[in-house]
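Residue strings, one per chain:
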Amino acid sequence: MSLKIINKEDLLPFVSNMLREYEVLGPVANDTGFKFAALTDAAQVRLDYNTTILPPRKALLPTQETLFTFRTDMPSVTPAFDMRWRVLFGVHTCDLHAMRMLDEVFARGNPDAHYMKRRATTAIVSVECLEACDEHSFCKSMNTLTATSGFDLHLIGLGDFYAVDVGTTAGDALLENHCKSHEATRPELVLLDKTMSAKWAKFPSRLSLEGKDLPALMGISYKSPVWEEIGVRCFGCGACNIVCPTCYCFDVRDEVSLDGKTGERSRIWDSCQLDEFARVGTGENFRKTHAQRLRHRFMRKGKYIAEAYPGQQGCVGCGRCARACLVDITPVGVWNALHKAHAM
Amino acid sequence: MSPIPAIESIYIPTLAWISKVETMTAMEKMFTIELPRGQSLGHKPGQFVEVSLFGIGEAPISISSSPSRSNGKFELCVRKVGDVTTALHNLDEGARIGVRGPFGSGFPVEQFEGRDILFAPGGLGLAPARSVINQVLDQRAKYGRVILLYGAKTPGELLFKDELQTWGKRNDVEFHVTVDRGDKEWIGNVGVITTLFPKITVNPRNTIAITVGPPVMYRFVIMELLGKGIPEDQIWVSLERRMKCGVGKCGHCQIDHFYCCQHGPAFNYAQIKGVMEAI
Ligand SMILES: Cc1cc2nc3c(=O)[nH]c(=O)nc-3n(C[C@H](O)[C@H](O)[C@H](O)COP(=O)(O)OP(=O)(O)OC[C@H]3O[C@@H](n4cnc5c(N)ncnc54)[C@H](O)[C@@H]3O)c2cc1C
Ligand code: SF4
Ligand code: SF4
Ligand code: FES
């Protein structure tokens, strides 16, 4: 829409002004690094964070989310929607691409009111990474190291100031009402261009192929020995799913109050790496082995999502699953091995 | 931020009630369900509903009655296997339950008109198959031959015994039943369902085969059907998967690129042949 400039010292006032009106979730420091949390003070925000263990998707898909409440004595059902206005601040572009994908998954086919209402009341302020976060990310290969849509506002750090890409009218109003800003001047635009082009060279391409060629690679990899090789190492702990910004599969659970009269049905994060994920009533399990379940996960990441939702990706190259896995099962390792085996 | 969409939750069940309960076998009961204000479910044969017991959970159950006999009610034949199904078995007539659906693709019966239909359900597979069987029999003139092969483990596990007798007596239905293991009274066929195939002849090009049963059964029955020369896209199955939403979101029912709750549960063999983990 437009490009604005804000001074670095105006960033904290911007956040505290928003905090007066909205819940603001942003990256804050904790014992082990950084995490997304509801801010109590603007000064907690750490836009210099490298990555978080859990992705910010929990703001759109909480670990446990009430779908409806019910009464058992006098049957009645009341839907539960979370429509608090909130700002998700400081999202990296890999996670932003993941949220674009989630937006489409939950809006298409049978639209999911719980997700869509929460999404509609959430503003996203993203931030451009100017350096790779660590040795595990591969956003350059997945083409997620920048973004042109999916945000309300997008910040790019340029020394003493930030360039702000205004993505939506809501973003425009958010900036207008909470922060001093001015239209970018010619020298500021020149600096922005220079910074953006200098950034590319600093990011390594860790995959030996381009992300857009993954569906084709996966299409010929069903019978690869790689699945057995990693399958014997995998514990089936599901950590890789829990930390992934593009995982959205869920389980559904009922809970009743102590007097048994009221209760709620909620959905909770689930993991396709767990043994019971595909087991049915007769006891049959359609993905019994770790190898089958890993293949399923990598097929979703590399093929199914991209094919079912054109323009979207099942993996955004954030590297979180690689960091989380105790036995070093990583997308870069798996995809490069498959690529090498097929010598594409 | 954008305008809040004015849409309703796809996870909210409609309150319905059980108007009739019949015990069928030691494991299966048949429930007749009525929706509020005599509303019709409006289902296609082969579709399913998500049945809710508040405080326990939900389970996907095939609609066992045919649309041709709906009159504001529908039937579910439920095997007791776990939390929801056991709790359902403990309910009496008049009890309230929740229902979402109908979901899934169902069998495209209109496309089967003019064809010979070969049904080969096994065990509980007769529950979903029955919705198509009765749909076809209620519009009998629209179809060619109707052949029905049914197999259960023991005579005690045969479902819909009254209807089996009616079907057996009709001279426009070629009907064969078998049990894996007989008992003292059983004088019929003994052997798995595939032992019935030598008893029938088919015109393969004009035959639609519909087989519903446990995964092991599919492998053998499909081999027989292909052996009779029936083309792959004329062989229909209904696949069971774990389902937590029924609406294409939770991911549990995924089979390769298919979502069983959306693209299925009815599939023709040409669609799923070679798809890993399908059969
Ligand atoms: C499309 C479809 C149609 C079906 N039609 C019928 C029918 O007509 N009659 C009938 O009796 N059964 C039918 N089933 C099977 C029925 O859904 C399961 O038996 C039921 O969900 C088990 O729920 P529960 O709460 O009683 O068992 P639980 O206590 O949840 O679990 C018992 C076992 O069932 C497995 N399970 C748990 N949840 C599910 C789930 N959502 N789907 C499948 N397995 C699950 C568990 O892994 C466990 O092994 C159908 C299933 C599908 C997918
Ligand atoms: S984190 Fe590693 S060990 Fe755990 S399920 Fe995922 S791949 Fe397997
Ligand atoms: S699969 Fe791994 S690298 Fe890809 S988006 Fe998920 S957590 Fe990130
Ligand atoms: S049952 Fe949830 S996606 Fe099919």
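Residues numbered from 1 in each chain as written. Chains lettered and ligands numbered in written order. Predicted model: local features only at pLDDT ≥ 70, side-chain atom pairs only at ≥ 80, totals over all residues. Heavy atoms only, no water.

Peer 1: Pulling in residues and values, what's your account of the interface of chain B and chain A?
Peer 2: On the side of chain A, 57 residues touch chain B, which itself brings 42 residues to the contact. Summing the contributions of chain B and of chain A, the shared interface buries around 4,200 Å²; its carbon and sulfur component is 60%. Of all residues in chain B, the largest losses of buried area upon contact with chain A belong to Met1(B), Lys249(B) and Glu277(B), amounting jointly to 20% of the total for that side. Where chain B touches chain A, the interface holds 4 salt bridges. Elements with a contribution of two residues or more to the side of chain B that touches chain A: strand S3 (48-53), strand S4 (57-62) and helix H4 (215-227) of chain B. Of the residues assigned to the side of chain B that touches chain A, the class counts are 21 nonpolar, 10 polar and 11 charged. (Contact = heavy atoms within 4.5 Å. Buried area = accessible area lost by both parts, 1.4 Å probe. Salt bridge = Lys/Arg side-chain N within 4 Å of Asp/Glu carboxyl O. Helix = DSSP H or I, 4+ residues; strand = E, 2+ residues; numbered from the N terminus. Nonpolar A, V, L, I, M, F, W, Y, C, P; charged D, E, K, R; others polar.)

Peer 1: Before we move on, could you go through the sheet that holds strand S12 (residues 235-238) of chain B and cite the residues and values that matter?
Peer 2: Residues and elements named next belong to chain B. Pairing in this open sheet of 7 strands is mixed, and the strands run S10-S9-S8-S7-S11-S12-S15 from one edge to the other. The open sheet has two edge strands, strand S10 (189-190) and strand S15 (266-268), and neither has a second partner. As paired strands, strand S8 (residues 146-152) and strand S9 (residues 174-179) are joined by 6 bridges and run parallel to one another. Among the inter-strand pairings, Tyr150 is bridged to a residue of S9, identified as Val177. (Pairing = 2+ DSSP bridges.)

Peer 1: Describe in detail the sheet that holds strand S2 (residues 28-34) of chain B, supporting the description with residues and values.
Peer 2: Residues and elements named next belong to chain B. Read across the open sheet, the 6 strands follow the order S4-S3-S6-S1-S2-S5; overall the sheet is antiparallel. Only two strands of the sheet have a single partner each, and these edge strands are S4 and strand S5 (73-79). When strand polarity is set aside, the average angle formed by the axes of neighbouring strands in this sheet is 40°. (Axes fitted to C-alpha atoms, helices over the stretch in contact; angles between N-to-C directions.)

Peer 1: Can you explain the packing of aromatic side chains? Please cite residues and give values.
Peer 2: Enumeration over the complete set of coordinates arrives at 16 aromatic pairs over all chains. When the centroid spacing of 5.4 Å and the interplanar angle of 40° are considered together, the rings of Phe70(A) and Phe54(B) count as tilted. Here the residue Phe70(A) occupies a position in strand S4 (residues 64-71), and Phe54(B) occupies one in the loop between S3 and S4, the pair thus bridging two chains. The two residues Phe70(A) and Phe54(B) agree in class, both being buried. Ring geometry for Phe106(A) against Tyr248(A): centres 5.6 Å apart, planes inclined by 70°, an arrangement best described as edge-to-face. (Phe/Tyr/Trp six-rings, centres within 6.5 Å; stacked < 30°, edge-to-face > 60°. Buried < 20%, exposed > 50% of the residue type's maximum accessible area, 1.4 Å probe, protein only.)

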